[in-house]
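Summary of structural features
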Amino acid sequence: DESCLEITDGLFPTVPPRLTRLKLICVDLTKPHCPIYGALLTHLELDTCIVWGNADDLVATLSDLPRLTNFIYKSASFSPDILPSKKTRAQPLEMPHLAHFEFEDNISVVVAVMSQLSLPPNCDIVLEADIDEFEDGITFQDLDGIFIPYLKAAFPSERGRDRPGYANLTISDIPGRDIGF
């Protein structure tokens, strides 16, 4: 069984004023209001960290980081699963400055998070999802509802629209897994 370093109040008692990039590996940040999220972060990478209890908490954290341009989250196989959303947002959270969004978790979490976000059409979106968890009530129609608006925004059918489309688009299996994308 793996364990992570638990961040206590003593490590970041105040917000580091010049901190714009943060990468944490195998850290437990489950405190609801970790002071580090008050920094003026433009880059946040969380690799195998235990961070949020549910998708709502994750989106709330992102809403507190308006300058964020790069976000990478790779779930920890030994951590408790992020639970799907408890409530529906009236409007998806707009992240207009986000240039790179990378998210790895099981399919129910990916759908719960992506359904609450509005990412710009020029944002690189990298999603890794294990779809062995379709028994959680997630269907292929749910995936269509999440991803088709992004594809339509990038590749509009109306002529004369000034949208660049995606520079790169790859949809593939997760290497080494039977089912996933």
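What comes next concerns the included structure. A quick note: this is a predicted structure, and the numbers were derived from the prediction, not measured. (Residues numbered from 1 in each chain as written. Predicted model: local features only at pLDDT ≥ 70, side-chain atom pairs only at ≥ 80, totals over all residues. Heavy atoms only, no water.)

1. Overview of helix α2 (residues 107-114)
Our working rule: The classification of residues rests on relative accessible area computed with a 1.4 Å probe and restricted to protein chains. Under 20% of the type maximum is buried, over 50% is exposed, and intermediate values are partly exposed. Working definition: helices are DSSP H or I runs of at least four residues, strands are E runs of at least two. Numbering for both runs from the N terminus.
Counting buried residues along α2, eight of its eight residues qualify, which places the element largely inside the surrounding structure. For α2, the complete set of buried residues consists of I107, S108, V109, V110, V111, A112, V113 and M114.

2. Remarks on the packing of aromatic side chains
Under the convention used in this document: Within 6.5 Å between ring centres, the rings of Phe, Tyr and Trp (the latter by its six-membered ring) count as paired, and their orientation is classed by plane angle as stacked under 30 degrees, edge-to-face over 60, tilted in between.
Enumeration over the complete set of coordinates arrives at three aromatic pairs. Aromatic ring contacts, followed pair by pair, group F71, Y73, F101 and F103 into a single cluster.

3. Observations regarding the side chain of N70
The criterion, for reference: Counting of polar contacts relies on pairs of N or O atoms within 3.5 Å, with two restrictions inside protein: one atom must be capable of donating a hydrogen and the other of accepting it, and residues adjacent in sequence are counted only when both atoms are side-chain atoms. The contact definition used throughout considers only heavy atoms, calling two residues in contact when any of these lie within 4.5 Å.
Relative to the helices and strands, N70 is located in strand β5 (residues 70-74). Here the side chain of N70 touches T69 through a polar contact of 3.1 Å, side chain to side chain. When neighbours within four sequence positions are excluded, N70 is seen to be in contact with T42, H43, L44, L98 and H100.

4. A short note on the pairing of strand β2 (residues 21-25)
The condition is simple: Note on pairing: DSSP must find at least two bridges between two strands before they are called paired.
Burial along β2 is one-sided: the residues L22 and L24 are buried and none of R21, K23 and I25 is. With five bridges joining them, β2 and strand β4 (residues 43-47) adopt parallel strand pairing. The residue bridging K23 from the neighbouring strand is E45, located in β4.

5. Focus on unusual backbone geometry
Of note, the phi angle at C26 is positive, near 55°, even though the residue is not glycine. Summarising the element assignment, C26 is placed in the loop between β2 and β3 (27-28). For T48, which is not glycine, the phi dihedral falls at a positive 50°. Structurally, T48 can be placed in the loop between β4 and α1 (55-63).

6. Side note on the nonpolar core
Here is a general trend for soluble globular proteins: nonpolar side chains tend to be buried in one another's company. As a reminder, the rule being used: Nonpolar cores were defined as sets of buried Ala, Val, Leu, Ile, Met, Phe, Trp, Tyr and Cys residues, with membership established by side-chain atoms within 4.5 Å.
Counting 40 residues, the largest nonpolar core has L44, L46, L68, F71, F101, F103 and L117 as its most contacted members. Where this core is concerned, the elements lending two or more residues are β2, β4, α1, β5, β7 (100-106), α2 and β9 (124-130). When residues in this core are grouped by element, the largest group, seven residues, is from α2.

7. Looking at the pattern of salt bridges
Once their charged atoms are close, side chains differing in charge can pair, the charge on each being opposite to the other. To keep things clear, this is the line we draw: Within this document, salt bridges are pairs made up of a side-chain nitrogen of Lys or Arg and a carboxyl oxygen of Asp or Glu, the two lying within 4 Å of each other.
By the definition in use, this model includes two salt bridges. Linking K23 and E45 is a salt bridge whose minimum nitrogen-to-oxygen distance equals 3.8 Å. Here K23, found in strand β2, pairs with E45, found in strand β4; they are 22 residues apart in sequence, far enough to count as distant.

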